[in-house]
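Inside the fold
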Protein chains: 2
Amino acid sequence: MTESREFLYPSKWLSKASAGDRVSYELRMRIISGQIESGTILSENKLAADFAVSRSPIREALKILASENIIRLERMGAVVIGLSDKEIEEIYDVRLLIESFVFERLVRIDTNELVKELSKILEMMKISIKYGDADEFSYQDVLFHETIIHSVNHSYILMIWNNLKPVMESFILLSMRKRLKDKVEDFTRIISNHELYIEAIRIKDRDLMIKSLHENFDDVQGKVEDLWISQQMLSKGVVQQND
Amino acid sequence: MTESREFLYPSKWLSKASAGDRVSYELRMRIISGQIESGTILSENKLAADFAVSRSPIREALKILASENIIRLERMGAVVIGLSDKEIEEIYDVRLLIESFVFERLVRIDTNELVKELSKILEMMKISIKYGDADEFSYQDVLFHETIIHSVNHSYILMIWNNLKPVMESFILLSMRKRLKDKVEDFTRIISNHELYIEAIRIKDRDLMIKSLHENFDDVQGKVEDLWISQQMLSKGVVQQND
DNA sequence: GTTATAATACTTGTATACAAGTATACTTAG
DNA sequence: CTAAGTATACTTGTATACAAGTATTATAAC
């Protein structure tokens, strides 16, 4: 019996979420953090007991995670895939792809409102750092990019984003929490990258946008390995899902 | 009481599908064909009665359709969004985006096996036309592009494809069924476009690939309006989901 | 000891039951 | 006739029950 361990996902972000959503968010965090190791077989019944809910919301959660490619639904049980370095690179491939696409649309429309909105979010990010709030910083970081994507009103690009977002959010959350302790200096660079991004949108300079985007991603990717190893280490002492 | 009307989705493609999947495939076809009009509010209970299954598989289906952006889940009922011209253009935006990305990867690997596989599929497509089988043709057409995407082993590009595929498949099915009657000559052009695509992959000519891809899409998009209007007309005489 | 068969304890998928909340419609008071 | 409030008939989300199928384990035969 595995009981009452800490929840990894910020509970205040789940104020109006259904049980199924709660489970999906928490399970996703545990998988991406490595707390539930890749290869683990999850059983609906065990998860239901673990989260103290019925199988209905569990099934819902598993369907969601399967559509995000972090688990694989099989005949008997759900196999955890997780995020290896390969998958993380792939996620950034897709981000680069869709944000480039979005930028192409952006240069054709009025971006004054957007730039204002992004500046506001950037301010929020700075304050989050000031108060050492990694979770809030992550939230604003994700919101920053989401705001850009929303601005071009492309429902199928948005669909891709919506599928990618939860996994990315989880990954960024874990990454930022770690770096806030180990590498606070990273945050100033992230901020300046985002400032560059805003500037690229303002003056509609494609090359500058690509540059800032790449730097932003490279920055995150450069730190992946550290995070990864430490998360894996961290998870060794934790009771696993399957007995 | 709406009863025993024809199923739009080929039943033989659902041999091993769960009730939830069956419902999702059929509902998708009815929405995309316009048989269920945009704006319609779907009720889980009514759908359950209509499809003679319980609410469980219905809920499953609605979740899927919502993730594909063709319905919107609200407090009371699911609102049908459907596919307008805008959405269809957006789908082709995304296809162009991901297939271009895939091609960039393709030019770096050995494509002999892929070209062989694609040639086989093309032969199948020709035979499908010969026997006037629009459904089989559609299947092979979708498979053609899926095969290309699979070949680069990119799980997150594949994720996008998997989200897009059902909607596209439905749309292509409806489109091809109509054109087989009205515009059989279209098919020879589609075939030659695909031949061009294979050639582009074989000689790894990016421009040729983009050209064939664009022509292929323009071809489909050019015919959208016709299909659209006729489908809308067609649906006028049909009993709707909501009484 | 090995193999085959049978029993058991799992698995998922679907149906049904129930609870909490929301919109609608009706009734009653003014 | 209008307005307010209540009752009713919906809605979703979750829990539970059941059926069909699969893997595993134990038992029995050789």
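Residues numbered from 1 in each chain as written. Chains lettered and ligands numbered in written order. Predicted model: local features only at pLDDT ≥ 70, side-chain atom pairs only at ≥ 80, totals over all residues. Heavy atoms only, no water.

Describing the relation of the copies chain A and chain B
Each of the two chain copies goes to the other by way of a rotation about an axis and a shift along it. Each copy superposes on the other: chain A lies on chain B with an RMSD of 0.0 Å after a rotation of 180° and an axial shift of 0.0 Å. Those values place the two copies in the arrangement expected of a two-fold rotation axis. Considering only C-alpha atoms, the part of chain A nearest the rotation axis is A:Ile160, at 3.2 Å. In this assembly the copies share their binding face: 100% of the residues contributing to the interface of chain A also contribute to that of chain B. (Least-squares fit on C-alpha atoms with pLDDT ≥ 70 in both. Contact = heavy atoms within 4.5 Å.)

Some remarks on the protein's contact with DNA strand D
With respect to spatial proximity, 16 residues lie near DNA strand D, and among them A:Ala19, A:Ser54, A:Ser56, B:Ser43 and B:Arg55 are the closest. Per the 4 Å cut-off to the protein, sugar and phosphate atoms form 60% of the nearby atoms of DNA strand D. Within the backbone of A:Ala19, an N or O atom sits 2.4 Å from a phosphate oxygen of DNA strand D. Within the side chain of A:Ser56, a nitrogen or oxygen atom sits 2.9 Å from a base nitrogen of DNA strand D. For the surface near DNA strand D, the secondary structure elements donating two or more residues are α1 (19-33) and α3 (55-67) of chain A together with α2 (44-51) and α3 (55-67) of chain B. The greatest single-element share of the surface near DNA strand D, amounting to 3 residues, is contributed by α3(A). Looking at the surface near DNA strand D residue by residue, the class counts come to 4 nonpolar, 7 polar and 5 charged. (Near = heavy atom within 4 Å. Polar contact = N/O pair within 3.5 Å; in protein donor to acceptor, adjacent residues only side chain to side chain. Helix = DSSP H or I, 4+ residues; strand = E, 2+ residues; numbered from the N terminus. Nonpolar A, V, L, I, M, F, W, Y, C, P; charged D, E, K, R; others polar.)

Describing the confidence of the model for chain A
All names here are of chain A. When pLDDT is averaged along chain A, the result is 85, and 87% of the positions lie at 70 or above. Confidence over residues 1-5 falls short of pLDDT 50; this stretch has 8 contacts with residues more than four positions distant or in other chains. Taken together, the stretch residues 222-243 has pLDDT below 50 and engages in 41 contacts with residues farther than four places along the chain or on a different chain. (pLDDT = per-residue confidence, 0-100.)

Looking at the interface of chain A and chain B
Opposite the 27 residues of chain A that make contact, chain B presents 27 residues. Summed over both partners, the interface of chain A with chain B buries about 2,300 Å², with 60% contributed by carbon and sulfur atoms. The largest share of the area that chain A buries against chain B comes from A:Leu97, A:Tyr156 and A:Met159, three residues that together contribute 29% of it. The salt bridge involving A:Arg105 is made with B:Asp93; its shortest N-O contact spans 2.9 Å. Elements supplying a minimum of two residues to the side of chain A that touches chain B: α3, α4 (85-106) and α7 (155-182) of chain A. For the side of chain A that touches chain B, the element with the highest residue contribution is α4(A), accounting for 9 residues. Its residues placed into classes, the side of chain A that touches chain B shows 12 nonpolar, 6 polar and 9 charged. (Buried area = accessible area lost by both parts, 1.4 Å probe. Salt bridge = Lys/Arg side-chain N within 4 Å of Asp/Glu carboxyl O.)

Topic: the sheet that holds strand β2 (residues 71-73) of chain A
All names here are of chain A. Read from one edge of the open sheet, 3 strands run β1-β3-β2, paired in antiparallel fashion. Edge positions in the open sheet fall to β1 (41-42) and β2, since each of these has one partner strand only. As defined by bridge partners, β1 adjoins strand β3 (residues 78-80) across 2 bridges and the pair is classed as antiparallel. Bridged to Ile41 within β3 is Val79. Against the sheet, α3 makes contact with β1, β2 and β3, and its axis sits at roughly 115° relative to β2, the strand it touches most. (Pairing = 2+ DSSP bridges. Axes fitted to C-alpha atoms, helices over the stretch in contact; angles between N-to-C directions.)

With respect to the packing of aromatic side chains
Residue and element names in this part refer to chain A. With the rule as written, the count across this model stands at 10 aromatic pairs over all chains. A ring pair is formed by Tyr9 and Trp13, whose centres lie 5.5 Å apart and whose planes are at 80°; its orientation type is edge-to-face. Using a relative accessible area of 5% as the deciding quantity, one classes Tyr9 as buried. By relative accessible area, which is 22% here, Trp13 ends up partly exposed. (Phe/Tyr/Trp six-rings, centres within 6.5 Å; stacked < 30°, edge-to-face > 60°. Buried < 20%, exposed > 50% of the residue type's maximum accessible area, 1.4 Å probe, protein only.)

Some remarks on the protein's contact with DNA strand C
Around DNA strand C sit 16 residues, and of these A:Ser43, A:Arg55, B:Ala19, B:Ser54 and B:Ser56 come closest. Those atoms of DNA strand C that come within 4 Å of the protein belong to sugar or phosphate at a rate of 59%. With respect to DNA strand C, the side chain of A:Arg55 contributes an N or O atom lying 2.9 Å from a base nitrogen. At a separation of 2.4 Å, a phosphate oxygen of DNA strand C approaches a polar backbone atom of B:Ala19. The set of elements that each furnish at least two residues to the surface near DNA strand C consists of α2 (44-51) and α3 of chain A together with α1 (19-33) and α3 of chain B. It is α3(B) that contributes the most residues to the surface near DNA strand C, 3 residues altogether. For the surface near DNA strand C, the class distribution of residues is 4 nonpolar, 7 polar and 5 charged.

Some thoughts on the pattern of salt bridges
Where side chains of opposite charge bring their charged atoms close, a pairing between them can arise. Residues and elements named next belong to chain A. Under the counting rule described, the total for this entry stands at 39 salt bridges over all chains. One salt bridge connects Glu44 with Arg59, and the closest N-O pair in it is separated by 3.1 Å. In this pair, Glu44 is assigned in helix α2 and Arg59 in helix α3, connecting sequence segments 15 residues apart. Given a relative accessible area of 22%, Glu44 falls into the partly exposed group. Ionic pairing is found between Lys178 and Asp182, a salt bridge with its closest N-O pair at 2.1 Å.

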